[in-house]
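# Structural overview
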Amino acid sequence: QVQLVESGGGLVQAGGSLRLSCAASGLTFSSYIMGWFRQAPGKEREFVAAISRRGGSTYYADSVKGRFTISRDNAKNTVYLQMNSLKPEDTAVYYCAAAMRGVITASPYDYDYWGQGTQVTVSS
């Protein structure tokens, strides 16, 4: 079955960096658009970033543009999220997701598979 497993979360001070990874199995990874979402306590899940099947196109939420970078390695079936200049408001559980159809999308309803999430906590 399809599995998406996130790793790399943790506790970091404001201004610091973290790199999240999401390892995929059970699917043809290069056929999927990959995205990162996050959910803070008491808030709805929100889009963070997405990347096209071959990695040539990326799309970011305004709140992370210029600070976060999404990338993928299709040979390793892995998508990454490099997070720099972290802020306390970036604190959330971060999820990776895979979408088979269409083009890069920020809508969570377009994604077919989800990981279990990894906690990112940014202290002030």
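Report follows, based on the coordinates. Because the structure is a prediction, the values reported are computed rather than measured.

Thresholds applied
- Per chain, the residues get numbers from 1 upward, laid out in the order the sequence is written.
- Note on the predicted model: pLDDT of at least 70 is required for a residue's local features to be given, and 80 or more for side-chain atom pairs to be given and counted; whole-chain, interface and lining totals, by contrast, use all residues.
- Processing note: side-chain calculations cover all non-hydrogen atoms of the structure and skip hydrogens and water entirely.
- Think of it this way: any DSSP run of H or I at least four residues long counts as a helix, any run of E at least two long counts as a strand, and we number them from the N terminus.
- A 1.4 Å probe rolled over the protein chains alone gives each residue an accessible area, and that area as a share of the maximum for its type sets the label: buried under 20%, exposed over 50%, partly exposed in between.
- The contact criterion used throughout is that any non-hydrogen atoms of two residues lie within 4.5 Å.
- All accessibility values rest on the Shrake-Rupley procedure with a 1.4 Å probe; residue burial counts only the protein chains present in the view.
- We count Lys and Arg on the positive side and Asp and Glu on the negative side, and we leave His and both chain ends out.
- Here the site of a charge means atom NZ of a Lys, CZ of an Arg, CG of an Asp or CD of a Glu.
- Cysteine sulfur atoms are paired as a disulfide whenever they fall within 2.5 Å.
- A strand pair is defined by DSSP finding two or more bridges across the two strands.
- Planes of paired rings set the category: under 30 degrees apart is stacked, over 60 is edge-to-face and the rest tilted, where pairs are Phe, Tyr or Trp rings (Trp by its six-membered ring) whose centres lie within 6.5 Å.

### A look at the overall build of the protein chain
- When its secondary structure is counted, the protein chain shows zero helices and eleven strands.
- Dimensions along the principal axes, computed over C-alpha positions, put the protein chain at roughly 40 × 30 × 25 Å.
- Out of the 124 residues belonging to the protein chain, those deemed buried represent 42%.
- Counting only contacts in the protein chain whose residues sit at least 6 apart along the sequence, the fraction spanning at least 24 positions is 59%.
- Within the structure as shown, the protein chain displays about 6,400 Å² of accessible surface, and the carbon and sulfur contribution to it stands at 46%.
- Across the protein chain, the mean location of the 12 positive side-chain charges is 6 Å away from that of the 9 negative side-chain charges.

### Overview of the environment of Gly10
- By the element assignment, Gly10 lies in strand β2 (residues 10-13).
- Setting aside its immediate chain neighbours within four residues, Gly10 contacts Leu18, Gln119, Val120 and Thr121.

### With respect to the state of the cysteines
- Counted under the stated rule, the structure contains one disulfide.
- Note on cysteine connectivity: Cys22 is disulfide-linked to Cys96, with sulfurs 1.9 Å apart. In this structure the cystine formed by Cys22 and Cys96 twists about its S-S bond by roughly 40°; its chirality is therefore right-handed. One end of the pair, Cys22, is in strand β3 (residues 18-25); the other, Cys96, is in strand β9 (residues 92-99), and 74 residues separate them in sequence.
- Classification of Cys22 by relative accessible area gives buried; the value is 0%.

### Quick word on the pairing of strand β1 (residues 3-7)
- Residues Leu4 and Glu6 of β1 are buried on one face, while the alternating residues Gln3, Val5 and Ser7, pointing to the opposite face, are not.
- Relative to β3, β1 runs antiparallel, the two sharing five bridges. Its bridge partner lying in β3, Gln3 is registered against Ser25.

### Concerning the packing of aromatic side chains
- Within this structure, the stated rule accounts for six aromatic pairs.
- Seen from their ring centres, Phe37 and Tyr111 are 5.1 Å apart, and the 80° between their planes marks the pair as edge-to-face. Of this pair, Phe37 sits in strand β4 (residues 33-39) while Tyr111 sits in the loop between β9 and β10 (113-114), placing them 74 residues apart in sequence.
- On the accessibility criterion, Tyr111 (6% relative accessible area) is buried.

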